[in-house]
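The chain contents come next:
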There are 2 protein chains.
Amino acid sequence: MPRTSSAKERLTEAALRMIWGQSYGSTSVDAICEEAKVKKGSFYYFFKSKSDLAVAALDADWRRHRAQLDTIFSPTVPPLERLERYFDFNYERLVEIKKECGAVLGCPLYALGSEICTQDTVLRGKIQEILDRKVTYLESAIRDAHAQGLIMAPNEKAKARTLFMLIQGALTQARIQNDVEVLHDIYPDALDLLGAGKVKSAA
Amino acid sequence: MPRTSSAKERLTEAALRMIWGQSYGSTSVDAICEEAKVKKGSFYYFFKSKSDLAVAALDADWRRHRAQLDTIFSPTVPPLERLERYFDFNYERLVEIKKECGAVLGCPLYALGSEICTQDTVLRGKIQEILDRKVTYLESAIRDAHAQGLIMAPNEKAKARTLFMLIQGALTQARIQNDVEVLHDIYPDALDLLGAGKVKSAA
DNA sequence: TCTATAGTTGACTGACTAGTCAAATTGGGC
DNA sequence: GCCCAATTTGACTAGTCAGTCAACTATAGA
């Protein structure tokens, strides 16, 4: 295992950062190579195309992100606390990245997915796959919360998808108006969405 | 008034259609000109840049869209029916466009906004302006519904923004997975979000 | 009919695009 | 020291990009 990052790693990292920070279309292979300090010949030794690099970049990012989600959504944590932690996590992440690069970037999957979905079926498929896996975390938290009588959500799959779309909508809105605070305001509304008020209070 | 569409009109229409259908970055001025049957020299007679054209295209689209929203959100219609109509309208619009161009395209403001927000401040400003106006329609419907005791939403501005982000999240998800049905499932959840169940039933 | 203005045209620039390739270099196993 | 495979390099296509420009035409008003 190399102590210093390999050329391939530097490429996927630079690619994600730049594509997320600007857009897929406006991020050139040349610019990615320059940022990663890799010559273009090497680029095409590792990846067969720009699209191929993007897939690899999303995969690498997902591997990192997944571990964080496993912690946040640990079954040892009460289900509604998992959701609250996830909201906090998204907020903190946005703040951190804004500090780093000066802009609120939202979710790379939605930003990239919305841009390329009509043009690159492979990339779109990868994005869909990761999005589906992310929804799964919400599903299990909602299922557990419902089972414990904390919320009223008999169809946890539908609720999870709706909640996910709300979160992603908020992340996209935050990106568009370059404002993290958009995220803060939605948690109480998310509880309403989940039917937290519909439940018979403890008798 | 010209009976046949002017070059300028053809340009804004082609631009919106192509940018929405693909992406801003992958839509070239040359391609727009070809689609609009206008020579590039003429393009730069009417618009000072591609970005300038995009702003004009959004403006023109908003003028059309606004009239439809005024009908849907007419104060003569009961407030919750306004919202239901708006959901139906979005669904029908997605279906229609899918029939036309073979793909689910979501909302042009979010698709374009998410793509260019870190790169084009003028375009971003125009998008924000239109988005803000759209939220206003939801606000008034929610305010009226609350006043009539149909929902529990004392802070109509916050609720409207949250509902808007849910809708936009759903539209974006529909675009990414090229599936209109995503939209259908969220209306009951939207009612939960608005606190339709929280309200004391008629005594 | 003259003129001013609005609109049109196509050729042009120079920078940038994704992707290719043969040759050179590296570093580990023998 | 030698070999082989993994990697690196930089020069190279051939096409596309946004934007420019001077010359041209159409047309409306006086």
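**A short note on the overall build of chain A**
Then comes step 1: Within chain A, the regular secondary structure consists of 10 helices and zero strands.
Then comes step 2: In chain A, the succession of α and β elements from N to C terminus is α-α-α-α-α-α-α-α-α-α.
Then comes step 3: Each of the three principal axes of chain A carries a C-alpha extent, and together these read 70 × 35 × 35 Å.
Then comes step 4: Across the 203 residues in chain A, those meeting the buried criterion constitute 42%.
Then comes step 5: Pairs at least 24 residues apart make up 67% of the contacts formed inside chain A by residues separated by at least 6 positions.

**Details of the interface of chain B and chain A**
Then comes step 1: Opposite the 40 residues of chain B that make contact, chain A presents 40 residues.
Then comes step 2: Here the side of chain B that touches chain A gets 12 residues from one element, more than from any other, and that element is helix α8 (residues 156–176) of chain B.
Then comes step 3: Its residues placed into classes, the side of chain B that touches chain A shows 13 nonpolar, 20 polar and seven charged.

**Focus: the relation of the copies chain B and chain A**
The pair of chain copies shares a relation made of a rotation about an axis and a shift along it.
Then comes step 1: Between chain B and chain A, the superposition needs a rotation of 180° and an axial shift of 0.0 Å, giving an RMSD of 0.0 Å. Here the two chains are linked by the operation of a two-fold rotation axis.

**Quick notes on the protein's contact with DNA strand D**
Then comes step 1: Near DNA strand D, the surroundings consist of 14 residues, among which A:Gly41, A:Tyr45, B:Ser28, B:Val29 and B:Gly41 are the closest.
Then comes step 2: Listed by contribution, the elements that provide at least two residues to the surface near DNA strand D are α3 (40–46) of chain A together with α2 (29–36) and α3 (40–46) of chain B.
Then comes step 3: Of all the elements, α3(A) adds the most residues to the surface near DNA strand D, at four residues.
Then comes step 4: The class makeup of the residues in the surface near DNA strand D is four nonpolar, five polar and five charged.

**Comments concerning the nonpolar core**
Then comes step 1: Core analysis: the biggest nonpolar cluster contains 112 residues, and A:Leu166, B:Ala15 and B:Leu166 have the highest contact counts within it.
Then comes step 2: Look past the residues within four positions of B:Leu166 in its chain and what remains in contact with it is A:Met165, A:Leu166, A:Gly169, B:Ile186, B:Ala190 and B:Leu193.

**So, the environment of A:Phe46**
Residue and element names in this part refer to chain A.
Then comes step 1: Topologically, phenylalanine 46 is positioned in helix α3.
Then comes step 2: Remark: the alpha-carbon pair of phenylalanine 46 and tryptophan 62, spanning 16 residues in sequence, is separated by 19 Å.
Then comes step 3: Residues in contact with phenylalanine 46, not counting those within four places in the same chain, are Lys8 and Leu11.

**Re the packing of helix α7 (residues 121–147) of chain A against helix α8 (residues 156–176) of chain A**
Residues and elements named next belong to chain A.
Then comes step 1: As a packed pair, α7 and α8 sit with axes 8 Å apart at the nearest point and diverge in direction by 125°. As judged from the angle between their axes, α7 and α8 are oblique. Of the two possible hands of crossing, α7 and α8 adopt the one that is right-handed. Facing Lys134, Val135, Leu138, Glu139, Ile142, Arg143 and His146 of α7, the residues of α8 in contact are Glu156, Lys157, Lys159, Ala160, Arg161, Leu163 and Phe164.
Then comes step 2: Broken down by class, the residue content of the contact of α7 with α8 amounts to six nonpolar, one polar and seven charged.

**Digging into the confidence of the model for chain A**
Then comes step 1: Put simply, chain A has an average pLDDT of 94, and 96% of its residues get 70 or more.
Then comes step 2: The weakest mean pLDDT in chain A belongs to helix α9 (residues 181–184) of chain A at 93; the strongest belongs to helix α6 (residues 108–116) of chain A at 98.

**Examining α8(B)**
The periodicity of an α-helix, 3.6 residues per turn, causes residues three or four positions apart to be oriented the same way.
Residue and element names in this part refer to chain B.
Then comes step 1: With 21 residues, α8 should cover 30 Å at 1.5 Å per step; its first-to-last C-alpha distance of 30 Å lies within 8% of that length.
Then comes step 2: For α8, the buried fraction is high: 19 of the 21 residues fall into the buried class.
Then comes step 3: Once α8 finishes, asparagine 178 follows within two positions and takes phi at roughly 50°, a positive value.

**Notes on the protein's contact with DNA strand C**
Then comes step 1: Around DNA strand C, the structure places 14 residues, and the nearest of them are A:Ser28, A:Gly41, A:Tyr44, B:Gly41 and B:Tyr45.
Then comes step 2: Elements with a minimum of two residues in the surface near DNA strand C: α2 (29–36) and α3 of chain A together with α3 of chain B.
Then comes step 3: Tallying contributions element by element places α3(B) first for the surface near DNA strand C, with four residues.
Then comes step 4: Its residues assigned to classes, the surface near DNA strand C comprises four nonpolar, five polar and five charged.

**A closer look at helix α5 (residues 79–101) of chain B**
Residues and elements named next belong to chain B.
Then comes step 1: The terminal C-alpha atoms of α5, which comprises 23 residues, lie 33 Å apart, in line with the 33 Å expected from a rise of 1.5 Å per residue.
Then comes step 2: Those residues of α5 not exposed but buried are Pro79, Arg82, Leu83, Tyr86, Asn90 and Leu94.
Then comes step 3: The elements touched by buried residues of α5 are α4 (50–72), α7 (121–147), α8 and α9 (181–184).
Then comes step 4: Positive phi shows up at glycine 102, right after α5, with a value of about 80°.

Cut-off values and rules
- Residues numbered from 1 in each chain as written.
- Chains lettered and ligands numbered in written order.
- Predicted model: local features only at pLDDT ≥ 70, side-chain atom pairs only at ≥ 80, totals over all residues.
- Helix = DSSP H or I, 4+ residues; strand = E, 2+ residues; numbered from the N terminus.
- Buried ≥ 20, exposed ≤ 12 C-beta atoms within 10 Å, placed from the backbone.
- Contact = placed C-beta atoms within 7 Å.
- Nonpolar A, V, L, I, M, F, W, Y, C, P; charged D, E, K, R; others polar.
- Least-squares fit on C-alpha atoms with pLDDT ≥ 70 in both.
- Near = placed C-beta within 6 Å.
- Core = buried A, V, L, I, M, F, W, Y, C linked by C-beta atoms within 7 Å.
- Axes fitted to C-alpha atoms, helices over the stretch in contact; angles between N-to-C directions.
- Parallel < 35°, antiparallel > 145°, perpendicular 65-115°, else oblique.
- Left-handed = near helix turned anticlockwise from the far one by under 90°.
- pLDDT = per-residue confidence, 0-100.
- Expected span 1.5 Å × (residues − 1).

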